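# Survey of secondary and tertiary structure
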Amino acid sequence: MPDERPPRYIDGVRSAIAAEMEADPDVVLIGVDVGEGGGVFGATRGLHERFGAERVIDTPIAEAGVLGAAVGAAMAGLRPVAEIMYMDFVSVCLDPIVNQAAKLRYMTGGGARIPLVFRTQTGGGRSSGAQHSQSLEGMLAHVPGLKVFLPSDPRDVHDLLRAAIRDDGPVVFVENRRLYNRRPADGPWEPLPPGRARVVRPGDDVTVIAWGRMVEEVARACDEQLTDVGVELIDLRTLVPLDLETLERSVRRTGRALVVHEATADFGPGAEIATRLSERLLYEIEGPIRRLGAVAAPTPYSPPLEALALPGPEAIAAAVRGLLED
Amino acid sequence: MSTDDHERLLGDLRTMVRIRAFEERVSRHFREGLIPGFVHVSIGQEAIAAGVCGALRDDDYITTTHRGHGHCLAKGLDADGMMAELFGRATGTCGGKGGSMHIADPSIGILGANGIVAAGLPIAVGAALAARRRGTDAVAVAFAGEGTVHSGPFHEALTLAVLWEAPVIFVIENNRFAEFTDSEAMWRGDPLVDRARGYGLHHSERIDGNDVEVVRATIEPLVAAARAGAGPALVEAMTYRVHGHYEGDAVPYRDEAEFERWRERDPIARATAALEAAGHGDAVAAIQADADAEIDAAVERGLAAPYPTAETLLEDVHA
Ligand SMILES: Cc1ncc(C[n+]2csc(CCOP(=O)(O)OP(=O)(O)O)c2C)c(N)n1
Ligand SMILES: [Mg+2]
């Protein structure tokens, strides 16, 4: 019996790649176990059978070489989607990302095009250990030349991945493995392009800005502990480009804002967003714009320690209440 | 076999049986949800850990991988601490902060399991360099899977080891798969041992990794040579990954006939048969009973141990 339910987040990943591969023969998928194995989470299952080994390319464990080759292939006319299995592994292949892909367009005075998606995933909170739990989007957004997309919604993941593949890039596309089985909520849906944040729920008291899995954690905090507070929850969707206008419009009204992310708080993306908003809204906010992120420690394995290390509904609710006291 | 040979084989069997008992319990407790995260077990590959680490001293170094429980046990780590670590408890080897993929005890030369493929190889080279620099005759062994050998750090590690004449032995466990990938499908060109020789390693050999006597007999002279200043060597130990890549992997990609062939070459069954034929049946039975009791106790103590306290969260981030 066909599954009548709306597609899950992970299905959105697969259908986006399939749709773009169908539409454009230059799109290729490349990475460790993306082909016959279908991806370690099953995100690319069936693509190898459908598009063949020439376009869905299994590689040895040689990420620096594979990503470097993806840069070259992009410059020479393909549109590669190169998978980095865990976001933590960008550390072993940063040069092609940071020094090559990010800079080539600029260094060549616009001569080079790098239509390349670095597809990866993160997702702390499940005892994956310090080398399989990191959210490093801040580090990548810090490098001029990289776009960074981080969908939280099962519908957005499809739209944003298709947009990333069509983009002349390079785009770092960050999925969250803990969202892979999510299905979309009921209700109307307005597709948005990259660079546009989404107001997930409106409110008048406090603006909370989040992305990835933290969007649902904030929603949980609102439903379970903040029913008396008018929280405006904004899903940022893309860190680069950053939709300051939507954020500003909201914070101008609420006067208070909190940025919540799974990445470490110290020197994290929240600091950048808070500063940019403060610079624009210095005389219109009721108090400092605050951040909530992971503690400044490698991710611990033990479940109770890891629960303390990452933002959850309790910490989010406490931070929101703290804002109201400012 | 001489009496010495029997004693040595009994000792290596003991190590293998302890590893098997440990891994089988890990597999079970993972299924039951008592172990969080994900785990990779080394069932079927015990002869390599036992034969290699049996030839090492406490002050020698090892680095290992995501599939490192066996190497750590064989190098002298206690099952209690390891099991508690896997349960995420305060009494674990790393206080519950590391988990399966990060077990380490530098005090007995275990410089760490690793979640990053190939990261351990250069680390072992560095440890070997340090041993020489400090004037000791300690050696380092880098355990790695065959999936490692395509990565940059593998090639850089061999290059550096040769250049520095580092007393390091690269032990590549070829268990047929790297995750879901048939490793032969990723191979072109000369066999690994020939490639390694091309880098200038003084010795490079492919061996039966499911025969603990072969592993021992191969590694002992290499360790002695490394201590004496011969420089790096490489061993490719042929074996088979009996479980999935991680626990829970249903191995749809496995060839069942091949799996059965390897099951018949189980390293513990082979050592057991040899020892029983030599009249050591009672000793073998005692080894099995001891290992079961040891791991039972480790599980019991581990499950009774407390979780780490909140105060430890920010400890040991910086020196
Ligand atoms: C740099 C890096 N890339 C990818 C991975 C994901 N990964 C973990 S184990 C593994 C396969 C390793 O195969 P092999 O070296 O043969 O070791 P085995 O699992 O067979 O023991 C892969 C691809 C990783 N941990 N690190
Ligand atoms: Mg392998």
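Here, the structure is the one placed above.
Before going into details, it helps to say that this report is about the structure given with it. (Residues numbered from 1 in each chain as written. Chains lettered and ligands numbered in written order. Predicted model: local features only at pLDDT ≥ 70, side-chain atom pairs only at ≥ 80, totals over all residues. Heavy atoms only, no water.)

## Some details on the overall build of chain B
Looking only at helices and strands, chain B has 11 helices and 7 strands in total. Taking 319 residues into account, the globule formula puts the C-alpha radius of gyration at 20 Å, and chain B, at 19 Å, falls close to it. The principal-axis extent of the C-alpha atoms belonging to chain B is close to 55 × 50 × 40 Å. Across the 319 residues that make up chain B, the buried fraction comes to 57%. Sequence-distant contacts, at least 24 apart, represent 74% of the contacts inside chain B between residues at least 6 apart. Side-chain charges in chain B split into 29 positive and 49 negative, and the spacing between the mean points of these groups amounts to 3 Å. (Helix = DSSP H or I, 4+ residues; strand = E, 2+ residues; numbered from the N terminus. Rg over C-alpha atoms; globule rule 2.2 N^0.38 Å. Buried < 20%, exposed > 50% of the residue type's maximum accessible area, 1.4 Å probe, protein only. Contact = heavy atoms within 4.5 Å. Lys, Arg positive; Asp, Glu negative; His and termini not counted. Charge placed at Lys NZ, Arg CZ, Asp CG, Glu CD.)

## Things to note about the nonpolar core
Of all hydrophobic cores here, the largest spans 65 residues; its most connected members are Leu13 and Phe22 of chain B. Of the residues forming this core, the biggest block, 10 residues, is contributed by helix α1 (residues 3-31) of chain B. With near-sequence residues (within four places) excluded, Phe22 of chain B lies in contact with His69, Leu73, Ala79, Met82, Met83, Leu86 and Ile295 of chain B. By size, the runner-up hydrophobic cluster in this structure holds 56 residues, among which are Tyr86, Leu236, Val251 and Val259 of chain A. (Core = buried A, V, L, I, M, F, W, Y, C linked by side-chain atoms within 4.5 Å.)

## Structural notes on the site of ligand 1
As a structural note, the neighbourhood of ligand 1 is formed by 20 residues, with Glu63 of chain A together with His66, Arg67, Gly115 and Asn175 of chain B the closest of them. Chains contributing residues to the immediate surroundings of ligand 1 are chains A and B. One of the backbone N or O atoms of Gly147 of chain B is found 2.9 Å from an oxygen atom in ligand 1. For ligand 1, the accessible surface in isolation is 590 Å², of which the surrounding protein chains cover 96%. (Near = heavy atom within 4 Å. Polar contact = N/O pair within 3.5 Å; in protein donor to acceptor, adjacent residues only side chain to side chain. Areas by Shrake-Rupley, 256 points an atom, 1.4 Å probe, with all protein chains shown as cover.)

## Comments concerning the coordination of the magnesium ion (ligand 2)
Angles at a metal have ideal values that depend on geometry: 109.5 degrees with four tetrahedral donors, 90 or 180 degrees with six octahedral donors. Residues and elements named next belong to chain B. Surrounding the magnesium ion (ligand 2) are the protein donor atoms Glu146 (OE), Glu146 (OE), Asn175 (OD1) and Phe177 (O), at 2.1 to 2.6 Å. The coordination sphere of the magnesium ion (ligand 2) comprises 6 donor atoms, whose angles at the metal cover 52 to 172 degrees; the geometry is irregular. All donor residues of the magnesium ion (ligand 2) come from one chain, and their arrangement in sequence is E-x28-N-x1-F. Here Glu146 is found in the loop between β2 (140-145) and α6 (152-163), whereas its partner Phe177 is found in strand β4 (residues 177-178), with 31 residues between them in sequence. With respect to class, Glu146 is no different from Phe177; both count as buried. (Donors = N, O, S within 2.8 Å, 3.2 Å for Na, K, Ca; no water. Tetrahedral: all angles 85-135°; square planar, octahedral: opposite > 155°, others 65-115°.)

## Here's the deal with the sheet that holds β2 of chain B
By way of backbone hydrogen bonds, the strands of a sheet pair with one another, either parallel or antiparallel. Residues and elements named next belong to chain B. Strand order in the open sheet formed by 5 strands is β1-β2-β3-β7-β6, with parallel pairing between adjacent strands. One side of each edge strand has no neighbouring strand; the edge strands of this open sheet are β1 (61-63) and β6 (203-208). Looking at each pair of strands side by side, their axes are set apart by 20 degrees on average, direction ignored. By the bridge criterion, 6 bridges tie β6 to strand β7 (residues 233-238) in an arrangement that is parallel. Opposite Arg206, over in β7, you have Glu236 as the bridge partner. Packed on one face of the sheet, helix α8 (residues 212-227) meets β3 (168-174), β6 and β7 and runs near 165 degrees to β6. (Pairing = 2+ DSSP bridges. Axes fitted to C-alpha atoms, helices over the stretch in contact; angles between N-to-C directions.)

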